[in-house]
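A structural walkthrough
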Amino acid sequence: FIGSMGLGAFLSPRLFRGLRLWERLLQIEVGLSLVGGLSVIAIHYGQAGAALLFTHGQMVAGDMVFFLSAFLAAAAIGVLTGAELPLLIELAESGEPGTDRAARVVAMEYFGSLAGALLFPVFFVPRLDMLAVSWLVALVNLAAAAVLAFRFRGEGGGNFGGFLPTFAGLFVALRWAAGRCSSIS
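Residues numbered from 1 in each chain as written. Predicted model: local features only at pLDDT ≥ 70, side-chain atom pairs only at ≥ 80, totals over all residues. Heavy atoms only, no water.

1. As for the overall build of the chain
Scanning the chain from N- to C-terminus turns up six helices and zero strands. Per-residue burial for the chain yields a buried fraction of 32% across its 185 residues. Sequence separation of 24 or more characterises 71% of the internal contacts of the chain that already satisfy a separation of 6 or more. If you sum the accessible surface of the chain, you get close to 10800 Å²; carbon and sulfur atoms cover 70% of it. (Helix = DSSP H or I, 4+ residues; strand = E, 2+ residues; numbered from the N terminus. Buried < 20%, exposed > 50% of the residue type's maximum accessible area, 1.4 Å probe, protein only. Contact = heavy atoms within 4.5 Å. Areas by Shrake-Rupley, 256 points an atom, 1.4 Å probe, with all protein chains shown as cover.)

2. Considerations on helix H2 (residues 21–55)
The end-to-end C-alpha separation of H2 is 50 Å, in line with the 51 Å expected for 35 residues at 1.5 Å each. Of all the bends found along H2, the most pronounced is centred on Ser-39 and spans about 40°. Trailing H2 by a residue or two, Gly-57 shows a phi angle of about 80°, which is positive. (Expected span 1.5 Å × (residues − 1). Bend = angle between axes of the 7 residues up to and from the residue.)

3. Some words on the nonpolar core
The biggest cluster of nonpolar side chains holds 15 residues, and the ones touching the most others in it are Leu-25, Leu-26, Ile-28, Leu-87, Leu-91, Leu-148 and Phe-152. Counting residues per element, the ones that place at least two in this core are H2, helix H3 (59–93) and helix H5 (130–151). Per-element tally for this core: the top contributor is H2, with seven residues. Beyond its immediate chain neighbours, meaning those up to four positions away, Leu-91 contacts Leu-21, Leu-25, Leu-148 and Phe-152. (Core = buried A, V, L, I, M, F, W, Y, C linked by side-chain atoms within 4.5 Å.)

Purely spatial values, then, with no claim about function.
Listed below in structure tokens is the structure:
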């Protein structure tokens, strides 16, 4: 996961070229919502595929299917997460020169990581199933994207109303996927 974050940070200047900085960050947040919300489902189907292969004596192939689905989900989330921080720092530094905005962005990123690392095993896992947790995290990223779009709605032709169908469609798609796999825990 950490290696994927490094790859994302390296690719960050190359992702979504031609878009304004805040639009690139918006695309990453929406991507994190989609990939994060669907990752548990992908891993579940990888596990189901592995179980099917195991019943037919294909142990190595079953292991490969499961670990590949889990690795690809973690790698995709890592790349997007890694691409997010350099864009946040660049966005913070585009404000007033001489302020400590970049340091505050990094501090908030670390505090958010700490909060997530503590809340996940202590609060979320005992009370929610894994699909609900991934759904909740997807909604947090989607909310961040909505706040970002709203914040920059008037800058350089930004159109918050144009993003509303994207947010609504993503919300409906994630909710539909969650409903289709409600037995995952």
